[in-house]
Amino acid sequence: MPLHLIKLAVGVNDLDHLAEVQDRRAVLVDGRPRIPLHTRQFPKRAEEILAGGSLYWVVKGSVAARQRVLAIDTGIDGEGKSFCTLQLEEERVPTVPTPHRPFQGWRYLVPDAAPRDLSEAGGKGDELPAHLAAELRALGLL
């Protein structure tokens, strides 16, 4: 079973804003768009993540979407410090909104704790505006 990562989307207002920010950073790798995510820490369980794992995004206190991790690269910056780049799939898959407390960096997320994709949970019809969905979650109605 693949292992996932979870990370806060700091300064991001909603999924449209996340897409806007990521689209500006997108690069072509072998002719396909990839979203690079730079971090200092290399995941020690990289093989498990690369076996089909995703990065889950926490937006405004709620897990909102996931992106599949396609590659994990390492490098050394100009100051001689190592870094890691997660290459994410361009597609952002909305998940069932799930409240999550703030944290720093990224964390491992076991498959049993990962929110389901919204499409698998019967998410049909028009999507609620992000601010309304957040308010309903805060009231315990979503």
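One can find the structure itself at the top, above this paragraph.
This text gives an overview of the structure that appears in the document. (Residues numbered from 1 in each chain as written. Predicted model: local features only at pLDDT ≥ 70, side-chain atom pairs only at ≥ 80, totals over all residues. Heavy atoms only, no water.)

## Concerning the pattern of salt bridges
Basically, it comes down to this: For salt bridges, the criterion is a side-chain nitrogen of Lys or Arg within 4 Å of an Asp or Glu carboxyl oxygen. Only runs of H or I of at least four residues qualify as helices and only runs of E of at least two qualify as strands under DSSP, and these elements are numbered from the N terminus. Using a 1.4 Å probe on the protein chains alone, a residue whose accessible area is under 20% of its type maximum counts as buried, one over 50% counts as exposed, and one in between counts as partly exposed.
Applying the stated criterion across every chain, the model contains five salt bridges. A salt bridge links Arg24 to Glu20; its shortest N-O distance comes to 3.4 Å. With Arg24 and Glu20 both in helix 1 (residues 15-25), this residue pair falls four residues apart, about one helical turn. Residue Arg24 is classed as exposed on the basis of its relative accessible area, which comes to 61%. A salt bridge links Arg66 to Asp117, with the shortest nitrogen-to-oxygen separation between them at 2.7 Å. Of this pair, Arg66 sits in strand 5 (residues 62-76) while Asp117 sits in the loop between strand 8 (106-109) and helix 3 (130-138), and the two are 51 residues apart along the sequence. When sorted by exposure, Arg66 lands in the same class as Asp117, which is buried.

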